[in-house]
Every structure is written in C-alpha cells, then in structure tokens.
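# Breakdown of the fold
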Amino acid sequence: MKFKVIVHPAEEGGYWAEVPALPGCVTEGDTWEELMANLREAITGWLSVEEPTAETTTRDRIIEVAL
C-alpha cells in the first residue's frame, strides 16, 4: 500500500508528518530516518486497530482482503 504523507519541519527541529487518508495518524522524528521509521510504525498501528464488529447472522461470511 502507498499513502501520501505531508511532512512538516518542526519548530524545535526535526520533522512531523501526517497521513491525510488516515485521520489522526501523525508522528514525528528528530531526523529524516527516525521520521520514516516512526511513520511506518504509526501507519501500521493505525491500520491494525480493529473496527467494532458488526452484527452478523449465520448466513454471513467474514473475510479478510489483503491489498
């Protein structure tokens, strides 16, 4: 998967970034390398949060789709 990320210079030095497609997914880093590592962790964490389960019946199927 690919996400567009907006990277901002932080006033105190370093960077902070936000992922517009994932509301609330933000992170920071003192260096570019640290920002990239933190960004991967933030996106992975955001995507791993499970949504509340919907009501299902015995006729419904629950599947996972990988992209």
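Residues numbered from 1 in each chain as written. Predicted model: local features only at pLDDT ≥ 70, side-chain atom pairs only at ≥ 80, totals over all residues. Heavy atoms only, no water.

We now examine the pairing of strand β3 (residues 26–29). Residues Thr 27 and Gly 29 point to one face of β3 and are all buried, whereas Val 26 and Glu 28, pointing to the other face, are not buried. With four bridges joining them, strand β2 (residues 15–18) and β3 adopt antiparallel strand pairing. Bridged to Glu 18 within β3 is Val 26. (Buried < 20%, exposed > 50% of the residue type's maximum accessible area, 1.4 Å probe, protein only. Helix = DSSP H or I, 4+ residues; strand = E, 2+ residues; numbered from the N terminus. Pairing = 2+ DSSP bridges.)

The topology assignment puts Thr 27 in strand β3. In contact with Thr 27, other than residues within four places in its own chain, are Trp 16, Ala 17, Leu 35, Asn 38, Leu 39 and Ala 42. (Contact = heavy atoms within 4.5 Å.)

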